[in-house]
Amino acid sequence: MKHVITPLDLSVEEIDDILALAKDIMKHPEQYAHACEGKKLATCFYEPSTRTRLSFEAAMLNLGGRTLGFHSADSSSASKGESVADTIRIISCYADICAMRHPKEGAPYVASQFSRIPVINAGDGGHNHPTQTLTDLLTISELKGRLDNLTIGLCGDLKFGRTVHSLINAMVRYPNVRFVLISPDELRIPAYLREETLDAKGIPYKEVSRLDEVMPELDILYMTRVQKERFFNEEDYIRLKDSFILTRKKLDAAKDDMYILHPLPRVNEISVDVDDDPRAAYFRQAQFGVYARMALILTLLGLTGKEN
Ligand code: CP
């Protein structure tokens, strides 16, 4: 039984297989419509979500399975003090696979230690978000036709941004990938990621504080929200929240085939006048998330054939 807590729980070969499966599902959805009949997905969300929870649920429904779960700590017995360990012991009696989001880093890992069913981390605090990464990889692979030989700009809150941390961990395993890290000083990537991943593996990167000066270099621009919920101090949030606002005008300096990704939700960091630009890929990215999660559910349940 396999759990997916960080992207590193999947080898490059496993990721490539999941992406290939997701692409096959996109082409032949009808062939997978019954693949999970009789199976149940539990979505245990201790923190708000629109895309991740609903795309997991849509993924399981598209596969012919069923879903159950809770959408907030307040609506579960966590509000009475039940531990994550006890909760997953119980969920293991009711479902075949579980997607868990939690505000505390490491909570889905703890769950995996007590679980009798596969646990998927659906986002833990500022740590990791591996299924967003599968979504991002599928999006990049579909739009650019490759996952290697890319210059990827990561812009915004790189300190608390779990989608950024997971994407870096995944992309460093593909050849000739270079990162441009664009953030205010206070929101630079954590030291452990810089030292233990980028420096240790000799990955080329630079850290800058202005988006416009690097725009022409980028193949992918991955925008992120400054996350109010991760700040201890409202003053700091207000000072930093509008550090980067991408507008249509700023895109004049970008390559014609650069794509803009964002895990969403956005607040102000991408102006709505960008939405009609053919390079704006963030709504397509959210759609790809359903296929990526369908492929992951099938893989973790050992149901990758079409005739299950
Ligand atoms: N991308 C993402 O995790 O969005 P939600 O918070 O809406 O799930």
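Look a little higher up for the structure.
Calculation rules
- Residues numbered from 1 in each chain as written.
- Predicted model: local features only at pLDDT ≥ 70, side-chain atom pairs only at ≥ 80, totals over all residues.
- Heavy atoms only, no water.
- Pairing = 2+ DSSP bridges.
- Helix = DSSP H or I, 4+ residues; strand = E, 2+ residues; numbered from the N terminus.
- Axes fitted to C-alpha atoms, helices over the stretch in contact; angles between N-to-C directions.
- Contact = heavy atoms within 4.5 Å.
- Near = heavy atom within 4 Å.
- Polar contact = N/O pair within 3.5 Å; in protein donor to acceptor, adjacent residues only side chain to side chain.
- Nonpolar A, V, L, I, M, F, W, Y, C, P; charged D, E, K, R; others polar.
- Left-handed = near helix turned anticlockwise from the far one by under 90°.

Even after reading the chapter, I still don't get the sheet that holds strand β8 (residues 220-223), so can you show me in this structure?
Pairing between the strands of a sheet is mediated by backbone hydrogen bonds and can be parallel or antiparallel. Strand order in the open sheet formed by 5 strands is β7-β6-β5-β8-β9, and the pairing between neighbours is parallel. Both edges of this open sheet fall to β7 (205-208) and β9 (259-261), since each of them pairs with a single strand only. Sheet twist, expressed as the mean angle between neighbouring strand axes with direction ignored, is 20°. Where β8 lies against β9, 3 bridges are found, and the strand directions are parallel. When the bridges of β9 are listed, Leu221 appears paired with Ile260. Here helix α6 (residues 162-171) sits on the sheet in contact with β5 (150-155), β6 (177-182) and β8, set at roughly 165° to β5. Here helix α7 (residues 191-201) sits on the sheet in contact with β6 and β7, set at roughly 140° to β7.

Would you mind showing me how to read the site of the ligand here?
All residues adjacent to the ligand are Ser49, Thr50, Arg51, Thr52, Arg101, His129, Gln132, Pro263 and Leu264. At 2.9 Å from an oxygen atom of the ligand is found a side-chain nitrogen or oxygen belonging to Arg51. Side-chain polar atom of Arg101 to an oxygen atom of the ligand: 2.9 Å apart, as the coordinates give it. Within the shell around the ligand, the residues separate by chemical class into 2 nonpolar, 5 polar and 2 charged.

Would you mind going over the packing of helix α5 (residues 130-144) against helix α9 (residues 282-300) with me for this structure?
When two helices pack together, their arrangement is captured by the angle between the axes and the distance separating the axes. Put simply, α5 and α9 touch, their axes get as near as 8 Å, and they point 115° apart. Here α5 and α9 pass one another in a crossing that is right-handed. Each of Thr131, Gln132, Leu134, Thr135, Asp136, Leu138, Thr139, Glu142 and Leu143 in α5 lies in contact with α9, whose residues at this interface are Arg284, Gln285, Phe288, Gly289, Tyr291, Ala292, Arg293 and Leu296. Of the residues belonging to the contact of α5 with α9, the class tally is 7 nonpolar, 6 polar and 4 charged.

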